[in-house]
Amino acid sequence: MNSAQVDAYLRRLGVEPPAWPTVDALRELHLRHLRTVPFENLSIHLGEEIVLEEKRLLDKVVGARRGGFCYELNGAFGALLAALGYEVALLAGRVYGDEGRLGIPYDHLALRVRTVDGGDWLADVGFGAHSHLPLEFGERGEQEDPGGTFRIVEAGPDAAGVRGGHDTVEAADLHVIRDGRPQYRLEVRPRALGDFVAGAWWHSTSSVSHFTRSLVCSRVTENGGRITLSGRRFTVTAADGTREERELGTDEEVLGVYRERFGIELGAVPVVRGTDR
């Protein structure tokens, strides 16, 4: 990522270039990303190709002022952080779904970020409703966050009896837990962006993937709540968890919410395409 791309990305987030890659700067970048860049799967239903290459991610998130899902958002954010001097590792996770079942390998992409002053942090701007601030990677106690109470703990064996990991002292997979419920199982081995291509393809094409079966566009609000547009249902969730929902009637209303609340300009209302795969 060159300096012009970095500057454009920071303008997208509405932040000044940090003087040093510190934890305080990381917190600000993380929160601004969640408030500015929506978590959305519109490309799947608009027939747009999802390409996990740095330039294509920047073209979408920065140039087109769009959002994306985990591979795109954390892929782009990781590139920005690396360009700002942070030490960044891409980590693969498997998300817990219905009845506690784990998703596919490379189901999720998260970031391990090392700062110059504060150790290692779990940064994740691509999971939808999650922590608003980075989580301390090595902390095994509760971590309070505007998004809930989080813990990162060593995971036991998975269904195949495997603890995961690699040949370091950090051999075990980790559980990322929110409000007492495991969100995803995280490997500690660093990965390359290209390793996640199969996972992105599966989520973009499989009839089993929740991304092909529904539309979502969501971001954190300035007051710590969240706004979400799912198809034509617009939900405003306050910081205390109270919700207000309304159905949008016309295409103009839907396009207006995408434009005014999420900063996304669309020529037509996306509809769930479905898949026969």
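Please read all numbers here as calculations on a predicted model, not as lab measurements.

## Section: the sheet that holds strand E4 (residues 120-123)
Strand order in the open sheet formed by eight strands is E5-E4-E3-E2-E9-E8-E7-E6, and the pairing between neighbours is antiparallel. Both outer strands of the open sheet, strand E5 (135-136) and strand E6 (143-145), are each paired with one neighbouring strand and no more. Where strand E8 (residues 174-178) and strand E9 (residues 181-186) come together, five bridges link them in antiparallel fashion. Paired with Val 176 across the bridge in E9 is Tyr 184. Strand contacts of helix H5 (residues 70-83): strand E2 (87-95), strand E3 (108-114) and E4, with the helix running at about 20° to E3, the strand carrying the most contacts.

## Focus on the packing of helix H1 (residues 3-13) against helix H4 (residues 54-63)
In contact at an axis separation of 10 Å, H1 and H4 are set at 40° when each is read in the N-to-C sense. Along this stretch, H1 crosses H4, giving a crossing that reads as left-handed. Contacts from Gln 5, Ala 8, Tyr 9 and Arg 12 of H1 reach H4 at Leu 58, Val 61 and Val 62. Across the contact of H1 with H4, the residue classes tally to five nonpolar, one polar and one charged.

## Re H1
Three or more residues of H1 are buried, namely Val 6, Tyr 9, Leu 10, Arg 12 and Leu 13. The arc that holds every buried residue of H1, seen down its axis, measures 150°, which confines them to one face. Opposite its buried face, H1 presents the exposed residues Ala 4 and Arg 11, each directed more than 90 degrees away. Among the residues of H1, the N-terminal cap falls to Asn 2, whose side-chain oxygen and the backbone nitrogen of Ala 4 are separated by 3.2 Å. Looking one or two residues beyond H1, the residue adopting positive phi is Gly 14, at roughly 75°.

## Quick word on the side chain of His 132
Within the secondary structure layout, His 132 lies in the loop between E4 and E5. If near-sequence neighbours (up to four positions away) are discounted, His 132 is found in contact with His 30, Leu 31, Leu 34, Asp 145, Pro 146, Gly 147, Val 220 and Gly 224.

## A look at unusual backbone geometry
The backbone phi angle of Tyr 106 is positive, close to 60°, even though this residue is not glycine. Summarising the element assignment, Tyr 106 is placed in the loop between E2 and E3.

## Comments concerning the environment of Leu 122
Relative to the elements of secondary structure, Leu 122 occurs in strand E4. Residue class for Leu 122 comes out buried when judged on its relative accessible area of 2%. Taking the C-alpha atoms as reference points, Leu 122 and Phe 39, separated by 83 residues in sequence, lie 18 Å from one another. Not counting residues within four places of it along the chain, the set of residues in contact with Leu 122 comprises Ala 110, Leu 111, Pro 134, Leu 135, Phe 137, Ile 152, Val 176, Tyr 184 and Leu 186.

## Examining the nonpolar core
Tyr 9, Leu 29 and Phe 77 are the most contacted members of the largest nonpolar core, which totals 42 residues. Sorting the residues of this core by element identifies H1, helix H2 (23-36), H4, H5, E2, E3 and E4 as the ones contributing at least two each. In terms of residue count, H5 provides more of this core than any other element does, seven residues in total. Core analysis: the second largest hydrophobic core is formed by 15 residues, Leu 42, Phe 234, Phe 262 and Leu 266 among them.

The rules behind each value
Residues numbered from 1 in each chain as written. Predicted model: local features only at pLDDT ≥ 70, side-chain atom pairs only at ≥ 80, totals over all residues. Heavy atoms only, no water. Pairing = 2+ DSSP bridges. Helix = DSSP H or I, 4+ residues; strand = E, 2+ residues; numbered from the N terminus. Contact = heavy atoms within 4.5 Å. Axes fitted to C-alpha atoms, helices over the stretch in contact; angles between N-to-C directions. Left-handed = near helix turned anticlockwise from the far one by under 90°. Nonpolar A, V, L, I, M, F, W, Y, C, P; charged D, E, K, R; others polar. Buried < 20%, exposed > 50% of the residue type's maximum accessible area, 1.4 Å probe, protein only. Arc of directions from axis to C-beta. Polar contact = N/O pair within 3.5 Å; in protein donor to acceptor, adjacent residues only side chain to side chain. Core = buried A, V, L, I, M, F, W, Y, C linked by side-chain atoms within 4.5 Å.

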